Amino acid sequence: MKKIACIILCLAACHGLMAQKWEKIGDRPQMGWNTWNKFAGNINEELVRGIADALVETGLRDAGYVYVNLDDCWHGERDADGFIQADPKRFPNGMKALADYVHAKGLKLGIYSDCGTATCAGRPGSLGHEYQDALQYARWEIDYLKEDWCNTTDVNARGAYRLMSNALRASGRPIFLSMCEWGSNKPWLWARDIGHSWRIGPDIWCNFDSTRVHPQGFTDIGVMQCIRLCEPLRKYAGPGHWNDPDMLEVGNGMSVNEDRAHFTMWCMMASPLILGNDLRNMSSETKSIITNAEMIAVDQDALGVQGLRYATEQGLEFWFKPLSGGDWAFTILNPTQAPVTYDLNWQHFNLIDTEVSRLGTHFNEVTYTVRNLWKHADEGRTPTADKVWRKLTVPARDVISYRLSPMTKKTSSTAQLLRLRLQKLQKRGIMFGHQDAPFYGLGWKYEEGRSDVHDVCGDYPAVMGFELGGIEVGDDKNLDSVPFQVMRREIVAQHRRGGIVTISWHPRNPHTGGTAWVNAQERSKNTVAAVLPGGKDYEVFQIWLGRLTTFLASLCDEHGQPIPFIFRPWHENSGGWFWWGRGLCSAEEYKALWNMTQDFVMRTLPYNILWSWSPNYGFEPDVLNTYPGHDRVDVIGLDAYQQRNGEQAFIATLNKDLTTLSALAAEKGKLLALTECGYQNIPDPTWWTRVLKPQIEKYPISYFLVWRNADRRQYFAPAPDTPDAPDFRKMVADKRILMLGDL
């Protein structure tokens, strides 16, 4: 008992010193299932296991529904030390065994508690036991906590939820915190750093547009009432902090039209998608609604912007939701009890979302392809002329929903304009680039606005390189210990200055658990085959790709516009040191890995990435068998380093490789770059002008990027006191070598 008390006291003492909520979870609205709407308090272990089975068997898990959440009435009593226990009759094997079962299905287990003395059904609340309960949840390996607001007389809401948030953090296990406070204390104003989502109103019930009052005095509200409460709160929502209009009633008794409208509007509002029907016994109509991948993609969009109601006309509501990559979701909601026919003219909807995203539709300038999200069919293009596009009839209490994808882009945040810009700059000269330039140098770290190159010549590199290794496993820092939060800030800064951003990715080995670099024991293991469809690590790697894409999608400027960049995955594949390299997989497997990665990322970010394929210096001719194809590559690069005492060999091999790659690039007008290069510690003080510059000037190279200045034992760019600094200044003084100021 004394040991337990000491643990709890230590955890509680630490709470004021810790970050309040777990970060890096809840970047998209949560998806899962909850016991309450269908079963209320009549729950048990067999039911929950059956639902977990159904989530897998019906494909709902693969559609994104991963949380299996218990609501009220799972509780037993507290033990002699005050730790909550599960009801021994309903959950005879205990919560840890249930969590193990759920986790084995590739799912996550959620649990329920209350900020007050008792839950809404009279079971033990968490008041006064927050740290004990959080520790118990962590022991049980719980992944999600819904915390209610019953029996909270004289309890301060902000303090109560912050206390539980800190307790969850102190438990050491990442747990999603869903705040169920009913909007009484306006949590959207203060809960962003406390919880991952917050309820904005009373409980929902299975009705489209009415309320019901219980004898106890509380009120349940229908779908439309939830929408009305959530609608004005859109500016408070975003990745990691979502408005929650309550759980879904799809499949619990409303009409198919009403269910479809209900589900659609939750997706348009970027709301949590927590199912509440009996998944073991549902109609084909219900399943088709809740598994609509195109609609789910609207809800789960990486931009994370809640939709807005732009106009109301003829009883119809016109909703828009900006999506990543310049797309828009557009929904016409008919909340009335009769069908409505409407002449749709896109020019009536030229809008700019001034409140949140700062993005605009610009129908008078931009042509969009129109995809019907419920018919799963393309329905033409939007005209830029002021005319009726189509006469539509929206059924009663139903929706018509489209995804609009721009065919032409007028903004600066596009791959097309980045490519045109690089082509124009290439005619002027060759840009200089440096990896990790703004993070550290020789004798300094993380001094905002500084770089070694800037210290040498008074200008920043035109190109800055950034590395994402580690993002795939949820780390806060990359493999070179650069915090991703700082990296995001510096990418935005480089873009704002007018510079070019290039990003590489050295993911860990999902097959062996090792790093991107293979050791002797790993050389016989084909990791690439293991992550391709059908491989044993395919599902894990899909999660990794999701984390990568989430970070890439977060790279937006101050106006919410996606930042364009060059992405260089799976590089140096002609060498054998990375798990995707030569001799470790076949050329066909390598191309399949490239294609799978590109297709996954491009589903979210189709407009602001140029893709770079970059073999290693000294490659054999058969490396061209791994080339993904001109339709998949924008930049053909080469990674080349001079070794000590190998100047002539370096020059000869560099020219051979660049000759081959420049011919490949010329076939379809691709950009050519020296995507990674250098001479470690630059022992030759004239290397820049005597060796490197004369070689690269022979070819139509867009940029050359030298590797990072890790410390004085390993650096590739000059600092003010290095012997090569004068020669570097001489090189960049040539008008054909472009620094940031030259752009």
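Residues numbered from 1 in each chain as written. Predicted model: local features only at pLDDT ≥ 70, side-chain atom pairs only at ≥ 80, totals over all residues. Heavy atoms only, no water.

(A) Expanded view of the overall build of the protein. Looking only at helices and strands, the protein features 20 helices and 31 strands. Against the compact-globule benchmark of 27 Å for 743 residues, the protein has a radius of gyration of 28 Å, which places it among compact chains. Its C-alpha atoms put the protein at 90 × 75 × 45 Å along the principal axes. Out of the 743 residues in the protein, the part that is buried amounts to 60%. Expressed as a percentage of contacts within the protein between residues at least 6 apart in sequence, the contacts between residues at least 24 apart total 72%. Taken as a whole, the protein presents about 28,200 Å² of accessible surface, with 49% of it coming from carbon and sulfur. Averaging the positions of the 80 positive and the 87 negative side-chain charges in the protein gives two centres separated by 3 Å. (Helix = DSSP H or I, 4+ residues; strand = E, 2+ residues; numbered from the N terminus. Rg over C-alpha atoms; globule rule 2.2 N^0.38 Å. Buried < 20%, exposed > 50% of the residue type's maximum accessible area, 1.4 Å probe, protein only. Contact = heavy atoms within 4.5 Å. Areas by Shrake-Rupley, 256 points an atom, 1.4 Å probe, with all protein chains shown as cover. Lys, Arg positive; Asp, Glu negative; His and termini not counted. Charge placed at Lys NZ, Arg CZ, Asp CG, Glu CD.)

(B) Layout of the nonpolar core. Grouped together as the largest cluster of nonpolar side chains are 112 residues, with contacts concentrated most on Leu468, Ile503, Phe541, Leu593, Trp613, Trp688 and Phe704. What leucine 593 contacts, discounting residues up to four positions off in sequence, is Val528, Val531, Leu532, Phe541, Trp570, Trp579 and Trp580. By size, the runner-up hydrophobic cluster in this structure holds 84 residues, among which are Ile194, Phe208, Val298 and Val399. (Core = buried A, V, L, I, M, F, W, Y, C linked by side-chain atoms within 4.5 Å.)

(C) How the structure looks around the pairing of strand β30 (residues 701-706). Among the six residues of β30, six are classified as buried, and the element is accordingly described as predominantly covered. For strand β29 (residues 671-679) and β30, the ladder comprises three bridges, and the chain directions are parallel. Across the sheet, leucine 674 pairs through a bridge with phenylalanine 704, a residue of β30. With helix α19 (residues 687-696) bridging β29 and its parallel neighbour β30, the resulting β-α-β unit is right-handed. (Pairing = 2+ DSSP bridges. Right-handed = clockwise from strand over helix to strand, strands pointing away.)

(D) Structural context of the packing of α19 against helix α20 (residues 725-733). For the pair α19 and α20, interaxial distance at closest approach is 8 Å and the crossing angle is 45°. Compared by their axis directions, α19 and α20 come out oblique. Of α20, the residues touching α19 (which contributes Trp687, Trp688, Thr689 and Lys693) are Asp727, Phe728, Lys730 and Met731. (Axes fitted to C-alpha atoms, helices over the stretch in contact; angles between N-to-C directions. Parallel < 35°, antiparallel > 145°, perpendicular 65-115°, else oblique.)

(E) Up close: the sheet that holds strand β13 (residues 308-313). Pairing in this open sheet of six strands is antiparallel, and the strands run β13-β14-β15-β20-β17-β18 from one edge to the other. With partners counted over all chains shown, the strands left at the sheet margins are β13 and β18 (377-381), one partner each. Between one strand axis and the next, the sheet turns through 25° on average, direction left out of account. Relative to strand β20 (residues 398-406), strand β17 (residues 368-372) runs antiparallel, the two being bridged by five bridges. Its bridge partner being in β20, asparagine 372 is matched across the sheet by tyrosine 402.

(F) Spotlight on the side chain of aspartate 452. With respect to the element layout, aspartate 452 can be found in helix α13 (residues 452-457). For aspartate 452, which is buried and forms no salt bridge, the nearest opposite charge comes from arginine 450, at a distance of 5.0 Å. Apart from the residues lying within four places of it in its own chain, the contact partners of aspartate 452 are Gly441, Leu442, Trp444, Asn709, Pro718, Ala719 and Pro720. (Salt bridge = Lys/Arg side-chain N within 4 Å of Asp/Glu carboxyl O.)

(G) Here's a closer look at helix α6 (residues 130-140). Among the 11 residues that make up α6, 10 are buried, leaving the element largely enclosed by the rest of the structure. Taken residue by residue, α6 has Glu130, Tyr131, Gln132, Asp133, Ala134, Leu135, Gln136, Tyr137, Ala138 and Trp140 as its buried positions. Phi for glutamate 141, located one or two positions after α6, is positive at around 65°.

(H) Structural view of a negative patch on the surface. A cluster of acidic side chains, namely Glu23, Asp27, Asp193, Asp475 and Asp476, defines a negative patch on the protein surface. Mapping aspartate 475 onto the fold places it in the loop between β24 (463-467) and α14 (484-496). Given a relative accessible area of 35%, aspartate 475 falls into the partly exposed group. (Patch = residues over 30% accessible without salt bridge, like charges linked within 9 Å, V, L, I, M, F, W, Y side chains within 5 Å.)

(I) Region of the structure containing the pairing of strand β6 (residues 144-148). For β6, the tally of buried residues reaches five of five residues, placing the bulk of the element in the interior. Of the two faces of β6, both are covered, the one formed by Tyr144, Lys146 and Asp148 as well as the one formed by Leu145 and Glu147. Pairing between strand β5 (residues 108-114) and β6: five bridges, direction parallel. Bridge pairing links isoleucine 111 to leucine 145 in β6.

(J) Spatial organisation of the packing of aromatic side chains. By the definition in use, this model includes 50 aromatic pairs. Of the aromatic side chains, those joined through ring pairs into one cluster are Tyr310, Phe318, Phe320, Trp328, Phe330, Tyr342, Trp346, Phe349, Phe363, Tyr368, Trp389 and Tyr402. Positioned above the aromatic ring of tyrosine 101, the side-chain terminus of arginine 49 is 4.5 Å from the ring centre. One Lys or Arg, arginine 139, reaches over the ring of phenylalanine 83 and ends 4.6 Å from the middle of that ring. (Phe/Tyr/Trp six-rings, centres within 6.5 Å; stacked < 30°, edge-to-face > 60°. Lys NZ or Arg CZ within 6 Å of the ring centre and 35° of its normal.)

(K) Inspection of the sheet that holds β5 at higher detail. Spatially, eight strands are ordered β11-β8-β7-β6-β5-β2-β1-β12 in an open sheet, and the strand pairing comes out parallel. Pairing within the sheet leaves two strands with one partner each, and these edge strands are β11 (242-244) and β12 (273-275). On average, adjacent strands in this sheet sit at an angle of 25° to one another, irrespective of strand direction. Direction of pairing for strand β2 (residues 67-69) relative to β5: parallel, over a ladder of three bridges. Bridge pairing in β5 places valine 68 opposite leucine 109.

(L) The arrangement of the state of the cysteines in detail. Across all of its chains, the model carries one disulfide by this definition. Here cysteine 120 pairs with cysteine 150 through a disulfide, and the sulfurs are 1.9 Å apart. Between cysteine 120 and cysteine 150 the sulfur-sulfur dihedral comes to about 95°; the bridge is accordingly right-handed. Of this pair, cysteine 120 sits in the loop between β5 and α6 while cysteine 150 is found in the loop between β6 and α7 (157-170), placing the two residues 30 residues apart along the sequence. Cysteine cysteine 267 is unpaired, with the sulfur of cysteine 230 as its nearest cysteine sulfur at 13 Å. Note on cysteine 267: relative accessible area 0%, which makes it buried. (Disulfide = S-S within 2.5 Å.)

(M) A look at the pattern of salt bridges. One pass over the full model with this rule turns up 44 salt bridges. Measuring nitrogen to oxygen at the nearest pair gives 2.8 Å for the salt bridge that ties arginine 260 to aspartate 398. Separated by 138 residues along the polypeptide, arginine 260 in helix α9 (residues 256-268) and aspartate 398 in strand β20 bring together distant segments of the chain. As far as the burial class goes, arginine 260 and aspartate 398 line up, both buried. As a salt-bridge pair, aspartate 634 and arginine 419 come within 2.7 Å of each other at their nearest N and O atoms. Of the two residues, aspartate 634 sits in the loop between β27 (609-613) and β28 (635-642) while arginine 419 sits in helix α12 (residues 415-428), which places them 215 residues apart along the sequence.

(N) Spatial organisation of empty space enclosed by the protein. This model, assessed by the stated rule, comprises one cavity of 30 Å³ or more. When its volume is computed, the largest cavity comes out at roughly 90 Å³. If you go around the largest cavity, you meet 13 residues; those closest to its centre are Tyr144, Lys146, Ser178, Asp244 and Met247. Partitioned by chemical class, the residues of the lining of the largest cavity number five nonpolar, four polar and four charged. (1 Å grid on protein atoms, 1.4 Å probe; cavity = no way out; pocket = protein on both sides within 12 Å on 5 of 7 lines; lining within 4 Å. Points joined across faces, edges and corners; volume = space filled by probe spheres on them. Nonpolar A, V, L, I, M, F, W, Y, C, P; charged D, E, K, R; others polar.)

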